[in-house]
Amino acid sequence: GAAVLEDVTFVTGASALSDDRVESLAELAAYLADNPARRVVLVGHTDTEGTLEANIALSRARAAAVRRHLIEIHGTNPDQIEADGIGYLSPRASNADALGREANRRVEVVLIAN
């Protein structure tokens, strides 16, 4: 399964979480704590502002920021969480307007099969 962490937000060009209090991350941390054999990969995404190379680096930094948050704030086992990014290669909305670009700046969580 996979899900967008809807309340994890970023401004254009930034990898820092816009808010430290993120309910979806608390819920994900609780799930992982209750299921220590489960593993997830966090996949960062960007809008199309900038080059593909820069956006891949940014998307990886976003996923890494979410991973750090889970480990440092919620005490999640680091072995349960991987982080990667794919830049703007998988948009979920048009990058032609501000609302679409905002929707594309996201991190998704993907459950890894055991």
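The shown structure was predicted, so the numbers you read here are calculated from the model rather than taken from an experiment.

(A) Region of the structure containing helix H2 (residues 52-74). Given a rise of 1.5 Å per residue, 23 residues ought to cover 33 Å, and the 32 Å separating the end C-alpha atoms of H2 matches this to within 8%. Among the residues of H2, those classed as buried are Asn-55, Leu-58, Ser-59, Arg-62, Ala-63, Ala-65, Val-66, His-69 and Leu-70. Next to the buried residues of H2 lie helix H1 (23-34), strand S2 (39-44), strand S3 (81-85) and strand S4 (107-112). After H2 finishes, the residue Gly-75 shows a positive phi value of roughly 70°.

(B) Structural detail: the pattern of salt bridges. Counted by the stated rule, this structure contains six salt bridges. As a salt-bridge pair, Arg-92 and Glu-6 come within 3.0 Å of each other at their nearest N and O atoms. Placement of Arg-92 in the loop between S3 and helix H3 (98-104) and of Glu-6 in the loop between strand S1 (2-4) and H1 is noted, with a sequence separation of 86 residues between them. The class for Glu-6 is exposed, based on a relative accessible area of 52%. As a salt-bridge pair, Asp-84 and Arg-60 come within 3.1 Å of each other at their nearest N and O atoms. Remark: Arg-60 occurs in helix H2 and Asp-84 occurs in strand S3; sequence separation between them is 24 residues. Using a relative accessible area of 36% as the deciding quantity, one classes Asp-84 as partly exposed.

About the cut-offs
- Residues numbered from 1 in each chain as written.
- Predicted model: local features only at pLDDT ≥ 70, side-chain atom pairs only at ≥ 80, totals over all residues.
- Heavy atoms only, no water.
- Helix = DSSP H or I, 4+ residues; strand = E, 2+ residues; numbered from the N terminus.
- Expected span 1.5 Å × (residues − 1).
- Buried < 20%, exposed > 50% of the residue type's maximum accessible area, 1.4 Å probe, protein only.
- Contact = heavy atoms within 4.5 Å.
- Salt bridge = Lys/Arg side-chain N within 4 Å of Asp/Glu carboxyl O.

Worth remembering: the numbers are spatial, not functional.
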